[in-house]
Each structure stands twice: as structure tokens, then as C-alpha cells.
Amino acid sequence: MKQSLRGLLAAALVALLVAGCAMQPPSVVDRVPAKDPGQLLSQAEQQAPAQAAKTRLEAANIMARQGERDNAFETASAIDESLLSEADRVSWALLFSELARALNEPRAVLRATQVLDDELPMQANQQETLAERQRWAREALDQAEPMRVALPELEGQNIRRIVVALPESGPLSSVANTIATAMRQHNEVKGGNAELSFLDASRYSLDELYDRARQMNAQLIIGPLDKDQVTQLEQRDSVPLPTLALNYGSGDSNQAQRLFQYGLSAEDEAQQAARRAWQDGHRQMSMMVPDNSWGRRVGEAFWNEWQSLGGDITNAVRYNPESSVSNAVKTALNVSGERARLNNIDALFLLALPEYARQVPPTMDYYYAPNLPIYATSHLHDGRLQARLNQDLNDVMFLDIPWQIPDAAVGGEEAVPFASTYRRLRDESDASMFRLMAMGVDAYELAIRLSNLAELEGFSGSTGTLYLRSDGRIYRELPWAKFQNGVPTPILIPNRVSSGE
């Protein structure tokens, strides 16, 4: 009798489960988290793109079930949802939008709910859930008040007393010395308009630096340079003195009042490369970035920007800079036999230093892809005029600071920003350090303009056109060039690539 009753209960339970499955089709999100998400992510690295996307979705779902919300969000965000099946795209959208809303990320919610526009087959309750989350995201963005940067204590003043806090020892000392030298030289060329006092940031804590700067009656501080120190500052509510940090913190935004951040951000360049390729009409990109922390960080910036525009990443190759270029190019271009398969590749994004970058176009030629457009960051250009050596980079498009490509950027050396300082530093400095020299000049110019923040909206600097964002971070827009006969030359037709350029 007991056995019969147990059997009836089991049958009833099975019936309920079957009924539940009939209402909600099984999907990746519904699976019981029986696997290790870390192992799944490692497995995805070895899989074809479509299968890898499905595996990453499974890993994100398991993380979410295990309460690892941040990791689940990061994993789901990195998925190329266009590679998923229709059912899995719906599952991804439900998971990602739920995580994004919980983490107060309205833009991510809007990305997830774009599936509503694709008329995918989904249940009414799923559609209603996504529509409600989409409404929440739009309202959140409409109501968001950007932090307004202001320095009332400096308004209307002439900036005369500046303390520069940079390390004089340690791994950043060479960079710091180059930047400091450029500031001194630029101040001298301008006639000594400001008094620059230098503190060794490697000897003092952040609070000690501010104490000493106050004792020196400084109006503001330029520095620190160390990324970790900038991250510490941006997490404060405010800093004791107006501060122009010479790096960007690790946070998504700068939280501290009176803190401004400026640097030569490779991530900014990658995002601009994505926008340029999109404006030129490309939609399916392959990308090559070095397999290190720098490459992963910059590659992620390109990937996220490209996907936000609506583009697809066909192949993403993380190469070993010490290994053969051939293998990386073969993977990036879907080489079969000795011929690239470019049916789903419009262009290539390349992050590489000069020696490696010069080998990429000839290798592409070898695999019958000589006309595939290449978009690159400034890192493939060392600033030296080496026409013969750079012949292999012909037709590669890249962005760089005006001081490095004056002919392409502004029509000649006489037209560059701060031309007198440019000529002095060009004659006295090593070409490999010239970008840092330009950064020092712009840091000086930004600092003396902090008493009138309106001047920082589209300021033409040595390192690009500079814009002050609402959270105090400085953003750079860079001019574009391409190699012709081994020399950087202008791209004559804005936002368009053609063989007639």
C-alpha cells in the first residue's frame, strides 16, 4: 500500500514537471547548475564562436543561480548574442536584463531588450517582462542627472601656483620625468606664466602630498600618475585640492568632486576605431590584439563599442607578440588552405606595436586578402620618419596625436597646437617619448584652464581635441591618417573609405 502511494505521488510529481515544461520550453537558463562555470568558460575559449556563445550563456546562468551576480553580468555582457539561436537569445535577454537591472545598469538593460525589435518567438509573459524592463531603463536614463563638475574656488582666478606630484623613483619614474620635463620647457616657452613646484610622489602618501601642497599655497595639483592611486582618489567624495590626475582610475566613473583625470587612453583610441569603421560602412569585423592584460583591456573596449553600434565580431584573435604573425592572421581571416575566407569579414582591427604590425599586411597579401581595410591605434606608429621600413604599412588607417602626424592632422608643423614648444621638444627629445612630451604640455594647459571649465569643451591640444566629461574625466578625439609610400598622410574623404583616396 505504501509502495502504491509512493508511486502515485511520483507520478503526480512527474505530471506537474511535464506540465511546467510545456508552459516554459527548456533552455540554457533553466538548466540545473551542475557544472563548474569556470570550466565552461575555459571550454568556450576552444570552441567555434556559436557554440562558445552558448557555453558562456550556460556559465552566466550558473553564476547567477549561485549568487555570483557581478561575474554573471560580466560574462553575459561579453556574449555576442547574434550567434545564439532564437530561443537562447530570448534566454540571454531575460538573464542579462535581470542582472543589469539589479546592478542599476540601464544601458545594459536596453541592449538586452533590443530582442523585442527582432520579433523573436517568445511567450507573452517573457515579452511583457522584457518590455517592462525596457521602460524602466528608459525612465532611469531620462531621470539621471550627470554630476556637474565645478571649481568655484578657482573661478575667475589666474592659475599661478601649481604643485606637480610625480614619482622620482620606481617603475613610473622615467615616464614621470619625461612629462615633468615637457611641463618645464612649455612653461619656459610661454614666458614662465605659472610657478611649478615639484613633489616626489614616491616618497609620500596621498594625504601627505595634499598637506605639503597646501603648505606651499598651491591652487591645484597635477598628479598622481599611478593608476592605483588615481583609483583611490576617485572613490572619495572629494579631494582636498583641485587635482588633475595623469591617469584614469579603474572605476566606471569618477566619483570625487574636484578630481579631473587625463591621460593617453588606449581604450579611447579603440572606441574611436570602432566608430570610424562603422561610419565607413563596415559591419563585420575581425580583430587582433596581444594576449596580455593591455591587449585584453583595449580589445574589450573595441568589442563593446562595436557591439553597441550594432556590429558583429567575426573573429577575435589574442596573439603572442613573440610568435609567428602567420598563425594569428590565418585565424583572424579564416584561412583555408592558402586563401582567406572573407565572406563574413569587412575589415580588421589591429592593436600592435610597430615591429609586429609591419608584418601583418604582407601576411594578409600572402593569404589573398590585400584589400581588406585595417584600422589601428597609434601604437603601430613610433613617430619616426621611416618611409622604407613603413612601406609594409601602406593603406593601414590609424589615429594618432596631432604632434605625431602634423601633416595629416593639421596640414603641417606650423599649424600644430603650441608650435613653438613643439619645435623645441621635437629637436631635443627622443621620438619614442614624444607622445609623453605632448601629454605634459596638455596637462599644463588643462591645469591653467581649470578656472574656466568652459574652455575644456573641444580644446585643441597637442594630444588631440580634448573634452571634459560630466564626471571630470578628459576625453580625447584623435585625427586619422593612413600610410602611403611609408608616410602618414591625410584621409581625404571624412567617414568614408574608398580605393580612390
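The preceding data block contains the structure.
Residues numbered from 1 in each chain as written. Predicted model: local features only at pLDDT ≥ 70, side-chain atom pairs only at ≥ 80, totals over all residues. Heavy atoms only, no water.

Student: What's the story with the overall build of the protein in this structure? I'm lost.
Tutor: Of regular secondary structure, the protein possesses 18 helices and 15 strands. The buried share of the protein, reckoned over its 501 residues, is 49%. As displayed, the protein offers around 24200 Å² of accessible surface, 46% of which is attributable to carbon and sulfur atoms. (Helix = DSSP H or I, 4+ residues; strand = E, 2+ residues; numbered from the N terminus. Buried < 20%, exposed > 50% of the residue type's maximum accessible area, 1.4 Å probe, protein only. Areas by Shrake-Rupley, 256 points an atom, 1.4 Å probe, with all protein chains shown as cover.)

Student: Quick question: what am I supposed to make of the packing of helix 17 (residues 419–428) against helix 18 (residues 434–448) here?
Tutor: Think of two packed helices as two axes; the pair is described by the angle between the axes and how far apart they sit. Interhelical geometry of helix 17 versus helix 18 gives an angle of 145° and a closest axis separation of 11 Å. Taken as a pair, helix 17 and helix 18 cross one another with a handedness that is right-handed. Contacts from Thr421, Tyr422, Leu425 and Arg426 of helix 17 reach helix 18 at Phe434, Met437 and Val441. For the contact of helix 17 with helix 18, a count of residues per class yields five nonpolar, one polar and one charged. (Axes fitted to C-alpha atoms, helices over the stretch in contact; angles between N-to-C directions. Left-handed = near helix turned anticlockwise from the far one by under 90°. Contact = heavy atoms within 4.5 Å. Nonpolar A, V, L, I, M, F, W, Y, C, P; charged D, E, K, R; others polar.)

Student: Honestly, the sheet that holds strand 1 (residues 161–166) in this entry has me stumped. Any pointers?
Tutor: The pairing of strands in a sheet happens through backbone hydrogen bonds and is either parallel or antiparallel. Taken in spatial order, the five strands make up an open sheet running 2-1-3-4-5, and their pairing is parallel. Of all strands in the sheet, those with a lone pairing partner are strand 2 (195–200) and strand 5 (257–261), marking the two edges. Averaged over neighbouring strand pairs, the angle between their axes works out to 30° when direction is ignored. Summarising the sheet, strand 1 and strand 2 pair through six bridges and their orientation is parallel. Within strand 2, the residue paired with Ile162 across the bridge is Leu196. On top of the sheet, helix 8 (residues 173–189) reaches strand 1, strand 2 and strand 3 (220–222); it is set at about 165° to strand 2, its chief contact. The sheet strands contacting helix 9 (residues 206–215) are strand 1, strand 2, strand 3 and strand 4 (238–245), and the helix crosses strand 4 at an angle near 90°. (Pairing = 2+ DSSP bridges.)

Student: Just to check I follow, could you spell out the sheet that holds strand 6 (residues 284–290) for this structure?
Tutor: Pairing is mixed in the open sheet, where seven strands are placed in the order 7-6-8-9-10-14-15. Of all the strands in the sheet, the pair left with one neighbour each is strand 7 (312–319) and strand 15 (487–490). Between one strand axis and the next, the sheet turns by 30° as a mean value, whatever way the strands run. With seven bridges connecting them, strand 6 and strand 7 associate as parallel partners. By the bridge assignment for strand 7, Pro290 is matched with Tyr319. Docked against the sheet, helix 13 (residues 325–332) engages strand 6, strand 7 and strand 8 (347–350), running at close to 165° with respect to strand 7.

Student: Before we go on, may I ask you to explain empty space enclosed by the protein in this structure?
Tutor: Over the atoms, a rolling probe the size of a water molecule traces out where space has been left empty. All told, the structure shown has two cavities of 30 Å³ or more when counted by the stated rule. Counted as a void, the largest cavity has a volume near 50 Å³. Residue lining of the largest cavity: Ala165, Leu206, Leu209, Tyr210, Ile221, Gly223, Pro224, Leu233 and Thr243, and that is the complete set. Ranked by the residues each element gives to the lining of the largest cavity, the list is headed by helix 9, at three residues. Each residue belonging to the lining of the largest cavity can be placed in one class, and the counts come to seven nonpolar, two polar and no charged. If you add up the space inside the second largest cavity, you get close to 40 Å³. (1 Å grid on protein atoms, 1.4 Å probe; cavity = no way out; pocket = protein on both sides within 12 Å on 5 of 7 lines; lining within 4 Å. Points joined across faces, edges and corners; volume = space filled by probe spheres on them.)

Student: Mind showing me how you'd approach the pattern of salt bridges here?
Tutor: A side chain of one charge can pair with a side chain of the opposite charge when the charged atoms of the two come close. The tally for this structure, following the rule as stated, stands at 25 salt bridges. For Glu58, the salt bridge identified is with Lys35, shortest N-O distance 3.8 Å. A residue pair is termed long-range when its members are at least 10 positions apart, and Glu58 in helix 3 (residues 49–65) and Lys35 in the loop between helix 1 (2–23) and helix 2 (37–45) qualify at 23 residues. Taking the relative accessible area as the measure of exposure, Lys35 reaches 47% and is therefore partly exposed. Arg449 is paired through a salt bridge with Glu455; the nearest N and O atoms lie 3.3 Å apart. Taking relative accessible area as the criterion, Arg449 reaches 16% and is therefore assigned buried. (Salt bridge = Lys/Arg side-chain N within 4 Å of Asp/Glu carboxyl O.)

Student: What exactly am I supposed to notice about helix 4 (residues 69–77) here?
Tutor: Given 3.6 residues per helical turn, the α-helix brings residues three or four places apart onto the same face. Along helix 4, the residues classified as buried are Ala72, Phe73, Thr75, Ala76 and Ser77. Buried residues along helix 4 sit against helix 2, helix 3, helix 5 (86–102), helix 6 (106–112) and helix 12 (293–309).

Student: Please clarify how the packing of aromatic side chains should be interpreted in this entry.
Tutor: Two measures describe an aromatic ring pair: the distance that separates the ring centres and the angle between the ring planes. Counted according to the given criterion, the structure contains 13 aromatic pairs. Between Trp278 and Trp306, the ring centres sit 5.7 Å apart and the planes meet at 80°, which makes this aromatic pair edge-to-face. In this pair, Trp278 is assigned in helix 11 (residues 266–279) and Trp306 in helix 12, connecting sequence segments 28 residues apart. Look at Trp278 and you get partly exposed, because its relative accessible area is 21%. By way of ring pairs, the aromatic residues Trp278, Phe302, Trp306 and Phe349 are connected into one cluster. Sitting over the face of the ring of Phe198, Arg184 holds its NZ or CZ atom 3.9 Å from the ring centroid. Its end group placed over the ring of Trp278, Arg283 keeps NZ or CZ at 3.4 Å from the ring centre. (Phe/Tyr/Trp six-rings, centres within 6.5 Å; stacked < 30°, edge-to-face > 60°. Lys NZ or Arg CZ within 6 Å of the ring centre and 35° of its normal.)

Student: Just to check I follow, could you spell out the environment of Ala481 for this structure?
Tutor: Of note, Ala481 is situated in strand 14 (residues 480–484). What makes Ala481 buried here is its relative accessible area of 0%.

Student: So what exactly am I meant to see when it comes to the pairing of strand 8 here?
Tutor: A regular strand carries its side chains on alternate faces of the sheet. Residues Ala347 and Phe349 point to one face of strand 8 and Leu348 and Leu350 to the other, with burial holding for every one of them. Of the strand pairs in this sheet, strand 6 and strand 8 are connected by four bridges, and their pairing is parallel. Note on strand 8: the bridge partner recorded for Ser286 is Leu348.

Student: I keep staring at the pairing of strand 14 and nothing clicks. Help me out?
Tutor: Judged by how many residues are buried, strand 14 sits mostly within the fold: four of five residues are covered. Two strands pair when backbone bridges link them, and strand 10 (residues 397–399) and strand 14 are joined in this way by three bridges, in the antiparallel orientation. Considered in strand 14, the bridge of Leu399 is made with Trp480. As paired elements, strand 14 and strand 15 share four bridges and run antiparallel to each other. Pairing of Ala481 across the sheet is with Pro490, part of strand 15. Once strand 14 ends, the chain turns through two residues before running back antiparallel as strand 15, passing Asn485 with a positive phi of about 55°.

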